[in-house]
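Structural description and commentary
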Amino acid sequence: MAIKENLLKIRERISLACAKVNRDPNAITIVAVSKGRTVEQVREALVAGITDIGENRVQEAFLKYNTLYAKRYTLNAIKWHMVGHLQTNKVRDAVKIFDLIQSVDSLRLAEEIDKQAAKINKVQDILIEVKTSPEATKFGLKPEEAAEFLKQIAKFKNINLKGLMTIAPLVDDSEKSRPYFKMLRQLCDEINALNAIRYTLNALSMGMSDDFEVAIAEGATMVRLGRAIFE
Ligand SMILES: *Cc1c(COP(=O)(O)O)cnc(C)c1O
């Protein structure tokens with residue numbers, strides 16, 4: 001199916017999911033996760049109104065970034081999101097193009113982002129990746145570690161923490177993802193209530209092609225969609 005039609009359907013589904021819980025659909029950012037897709041497909045998504053692109057490998061993101069701008073495929077102001085695991089040796093490149101690094105999960109990584117961002121006079125927006133389920137991914141902080149971690153990274157002047165991200169486990173029924181999304185939202189509320197850090201967490205990145213409506217019901221502000229857009 002064409003990307004434009006897919007997006008129309010997705011927007012309808014987001015509106016419906018928002019209406020059920022009295023939320024404003026404009027408060028939901030669609031991040032088009034384009035790993036493995038071609039530049040042409042990304043361009044099609046941009047033409048259809050996508051403003052946020054997600055990638056999980058720095059090198060692939062760079063290639064697309066360069067091609068899109070070099071060929072003037074787009075003059076849109078695109079926001080680039082790093083959603084995959086980030087190795088410290090890729091950080092120097094990552095801070096050059098990503099507007100939001102969603103997958104920060106260690107002090108060492110945060111430290112390196114701070115250092116490399118400082119070199120280019122940037123304050124890098126980030127999310128903390130939280131492992132809400134043991135089986136979903138290898139990466140991410142345990143929920144009980146999050147509050148302490150946030151205190152530790154508060155000293156990094158070239159990092160701006162915007163919120164939390166999680167990847168729910170693969171399940172056959174989207175309702176089964178709900179507890180993980182709920183857990184992330186509660187963690188976010190708890191941290192904000194502590195008032196112990198200089199940030200307010202406003203962004204909740206959760207929900208993918210199979211479960212984004214449930215994530216929206218639980219408070220997602222960003223949904224990361226790959227297959228729903230590109231297939
Ligand atoms: C691939 C990927 C997505 C998108 O997954 P779909 O199921 O295709 O929507 C979202 N988040 C992350 C971290 C991914 O790697």
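For the structure itself, look to the data block above.
Here's what I pulled together on the structure shown here. (Residues numbered from 1 in each chain as written. Predicted model: local features only at pLDDT ≥ 70, side-chain atom pairs only at ≥ 80, totals over all residues. Heavy atoms only, no water.)

Focus on the overall build of the chain
Assigned secondary structure in the chain consists of nine helices and eight strands. Over its C-alpha atoms the chain spans a radius of gyration of 17 Å, differing by no more than 12% from the 17 Å that the globule rule assigns to 231 residues. Principal axes of the C-alpha set define a box for the chain whose edges measure 45 × 40 × 30 Å. In the chain, which comprises 231 residues, the proportion classed as buried is 50%. If you take every contact in the chain between residues at least 6 apart in sequence, the share linking residues at least 24 apart comes to 65%. Approximately 11400 Å² of the chain is accessible, and the part contributed by carbon and sulfur atoms is 50%. Distance between charge centroids for the chain: 5 Å, based on 35 positive and 30 negative side chains. (Helix = DSSP H or I, 4+ residues; strand = E, 2+ residues; numbered from the N terminus. Rg over C-alpha atoms; globule rule 2.2 N^0.38 Å. Buried < 20%, exposed > 50% of the residue type's maximum accessible area, 1.4 Å probe, protein only. Contact = heavy atoms within 4.5 Å. Areas by Shrake-Rupley, 256 points an atom, 1.4 Å probe, with all protein chains shown as cover. Lys, Arg positive; Asp, Glu negative; His and termini not counted. Charge placed at Lys NZ, Arg CZ, Asp CG, Glu CD.)

So, the nonpolar core
Core analysis: the largest hydrophobic core is formed by 68 residues, its most contacted members being Ile128 and Ile229. Other than its neighbours up to four places away in sequence, isoleucine 128 contacts Gln102, Val104, Leu141, Phe149, Leu150, Ile153, Leu161, Gly163, Leu164 and Met165. Counting residues in each nonpolar core, the second largest holds six residues, with Val31, Leu100, Met165 and Met222 among its members. (Core = buried A, V, L, I, M, F, W, Y, C linked by side-chain atoms within 4.5 Å.)

Quick word on the packing of aromatic side chains
The final tally for this structure, using the stated rule, is two aromatic pairs. Where tyrosine 65 meets tyrosine 69, the ring centres are 4.9 Å apart and the plane angle is 65 degrees; that geometry is what we call edge-to-face. Of this pair, tyrosine 65 and tyrosine 69 both sit in helix H3 (residues 58-70), four residues apart, which is roughly one turn of the helix. (Phe/Tyr/Trp six-rings, centres within 6.5 Å; stacked < 30°, edge-to-face > 60°.)

Things to note about helix H2 (residues 39-47)
Taken as a whole, H2 has its buried residues at Val39, Val42, Ala45 and Leu46. Relative to the axis of H2, the buried residues are bounded by an arc of 115 degrees and lie together on one face. Elements in contact with the buried residues of H2: helix H1 (3-20), strand S2 (52-55), H3 and helix H9 (227-230). (Arc of directions from axis to C-beta.)

Structural notes on the site of the ligand
Within the structure, the ligand sits among Val33, Lys35, Val83, Ile167, Met208, Ser209, Arg224, Leu225, Gly226 and Arg227. In the model, a nitrogen atom of the ligand is placed 2.9 Å from a nitrogen or oxygen of the arginine 224 side chain. When the ligand sits alone it has 390 Å² of accessible area, and the protein chains cover 88% of it. Among the detected pockets, the ligand sits in the largest pocket. (Near = heavy atom within 4 Å. Polar contact = N/O pair within 3.5 Å; in protein donor to acceptor, adjacent residues only side chain to side chain. 1 Å grid on protein atoms, 1.4 Å probe; cavity = no way out; pocket = protein on both sides within 12 Å on 5 of 7 lines; lining within 4 Å. Sits in = over half its atoms within 2 Å of the grid points.)

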